[in-house]
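A closer look at the structure
Next come the chains, spelled out residue by residue.
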Amino acid sequence: MTAVLVIEDDDRIRLALLLALEDEGYEARGAGTAEEGLRTQRRDPADYVLVDLMLPGIDGFEGIRQLRRDDDVPIVVVSARDDTHDIVAALEAGADDYVVKPVAIKELTARLRALRRRGRTSSASDGPVPVFAFGELEVSPEAGEVRRSGAPVAVTRTEFRLLCELVEHAGRVLSRQQLLSRVWGYDSGDERLVDVHVGRLRQKIEEDPANPRHLVTLRGLGYKLQR
């Protein structure tokens, strides 16, 4: 059964989310603090993590950063804070998506399914695994590997899905809305999700992220991966 960890300090909200997730067929686990959530995830990893930002002790931003150091689990922020700076800061900390309270459980579970839909895959073939090269950058979608100058690059599931989508359409411009649809599964949504994840990818795959050579922006159009 797919497991979801809910890190939320408000007992009523946490219980409501746990019950709603269980009704949707998930195994739901709860934690009242980021510290408790981190211990729970390390001991028994869940398939998704939902995180509030306003937590006692370690706040949600730091909790996300600590989770992200050694785990590529999909992370969704569920918070009453809808300020642009908070949303961007949470995504930059390592969150994959951001949902503003009050939460509609059907929307939330749809987002979880979209985040998980295109996980890393392994090739079932005994033959060589295709590798796509962009200068010093190498991507193997089937093996779930990214390398730069021969060294492995650690990327999250969402970053990997985004990169594979760009690899599949290499040399072609993909708009932010196209990427939202193909990577996150949204017909419409906040384009900042795309911008922040592209920025994080550039930090990992570009020699000079401020002047990207491969993952380039075409102003007013979108993004393109080029050799």
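All of the points below concern the structure found in this document. Remember, it's a predicted structure, so these values are computed and weren't measured experimentally.

1. As for the overall build of the chain
- Helix and strand counts for the chain stand at 8 helices and 11 strands.
- Here the chain has a C-alpha radius of gyration of 18 Å; the compact-globule value for 227 residues is 17 Å, and the two agree.
- Overall, the C-alpha framework of the chain stretches about 50 × 45 × 30 Å when taken along its three principal axes.
- Out of the 227 residues in the chain, the part that is buried amounts to 48%.
- Counting only contacts in the chain whose residues sit at least 6 apart along the sequence, the fraction spanning at least 24 positions is 57%.
- Accessible area of the chain: about 10900 Å², with a carbon and sulfur share of 47%.
- The centroid of the 33 positive side-chain charges in the chain is displaced by 4 Å from the centroid of its 40 negative side-chain charges.

2. Here's the deal with the pairing of strand 3 (residues 48-51)
- Of the two faces of strand 3, the one holding Tyr48 and Leu50 and the one holding Val49 and Val51 are both buried throughout.
- Two elements, strand 1 (residues 3-7) and strand 3, share 4 bridges in a ladder whose sense is parallel. From the neighbouring strand, valine 6 faces strand 3, where its bridge partner is leucine 50.
- Pairing between strand 3 and strand 4 (residues 75-79): 3 bridges, direction parallel. Bridging across to strand 4, valine 51 finds its partner in valine 77.
- What joins strand 3 to strand 4 is helix 3 (residues 60-70), and the crossover it makes is right-handed.

3. Topic: helix 3
- Those residues of helix 3 not exposed but buried are Gly60, Phe61, Gly63, Ile64, Gln66, Leu67 and Arg68.
- Buried residues in helix 3 make contact with helix 2 (34-43), strand 3, strand 4 and helix 4 (84-93).
- Regarding helix 3, its N-cap is aspartate 59, as a side-chain oxygen of that residue lies 3.2 Å from the backbone nitrogen of phenylalanine 61 further along.

4. Description of the sheet that holds strand 6 (residues 132-134)
- Across the sheet, which stays open at both edges, the 4 strands sit in the order 6-7-8-9 with antiparallel pairing between neighbours. Taken across any chain shown, the strands that pair with only one partner, and hence form the sheet edges, are strand 6 and strand 9 (151-152).
- Relative to strand 9, strand 8 (residues 145-148) runs antiparallel, the two being bridged by 2 bridges. Bridge assignment links arginine 148 to a residue of strand 9, and that residue is alanine 151.

5. Quick notes on the sheet that holds strand 1
- Pairing in this open sheet of 5 strands is parallel, and the strands run 2-1-3-4-5 from one edge to the other. Of all strands in the sheet, those bounded by a partner on one side alone are strand 2 (27-31) and strand 5 (97-100). Along the sheet, successive strands turn relative to each other by an average axial angle of 20°, direction set aside.
- Along the sheet, helix 3 makes contact with strand 3 and strand 4, crossing strand 4 at roughly 170°.

6. Topic: the side chain of serine 79
- Considering the arrangement of structural elements, one finds serine 79 in strand 4.
- With a relative accessible area of 0%, serine 79 lands in the buried category.
- At a separation of 3.0 Å, a polar atom in the side chain of serine 79 contacts the main-chain amide nitrogen of arginine 81.
- Every residue in contact with serine 79, bar those within four places of it in the chain, is listed here: Asp52, Leu53, Tyr98, Val99, Val100 and Lys101.

7. A word on the packing of helix 6 (residues 157-168) against helix 7 (residues 176-184)
- It is at 10 Å that the axes of helix 6 and helix 7 come closest, and there the two elements cross at 120°. If you check the angle between helix 6 and helix 7, you find them oblique. Crossing of helix 6 against helix 7: the hand is right-handed. Every residue of helix 7 that contacts helix 6 at Thr158, Arg161, Leu162, Glu165 and Leu166 is listed here: Leu179, Arg182, Val183 and Trp184.
- When its residues are assigned to classes, the contact of helix 6 with helix 7 shows 5 nonpolar, 1 polar and 3 charged.

Cut-offs used in this document
- Residues numbered from 1 in each chain as written.
- Predicted model: local features only at pLDDT ≥ 70, side-chain atom pairs only at ≥ 80, totals over all residues.
- Heavy atoms only, no water.
- Helix = DSSP H or I, 4+ residues; strand = E, 2+ residues; numbered from the N terminus.
- Rg over C-alpha atoms; globule rule 2.2 N^0.38 Å.
- Buried < 20%, exposed > 50% of the residue type's maximum accessible area, 1.4 Å probe, protein only.
- Contact = heavy atoms within 4.5 Å.
- Areas by Shrake-Rupley, 256 points an atom, 1.4 Å probe, with all protein chains shown as cover.
- Lys, Arg positive; Asp, Glu negative; His and termini not counted.
- Charge placed at Lys NZ, Arg CZ, Asp CG, Glu CD.
- Pairing = 2+ DSSP bridges.
- Right-handed = clockwise from strand over helix to strand, strands pointing away.
- Polar contact = N/O pair within 3.5 Å; in protein donor to acceptor, adjacent residues only side chain to side chain.
- Axes fitted to C-alpha atoms, helices over the stretch in contact; angles between N-to-C directions.
- Parallel < 35°, antiparallel > 145°, perpendicular 65-115°, else oblique.
- Left-handed = near helix turned anticlockwise from the far one by under 90°.
- Nonpolar A, V, L, I, M, F, W, Y, C, P; charged D, E, K, R; others polar.

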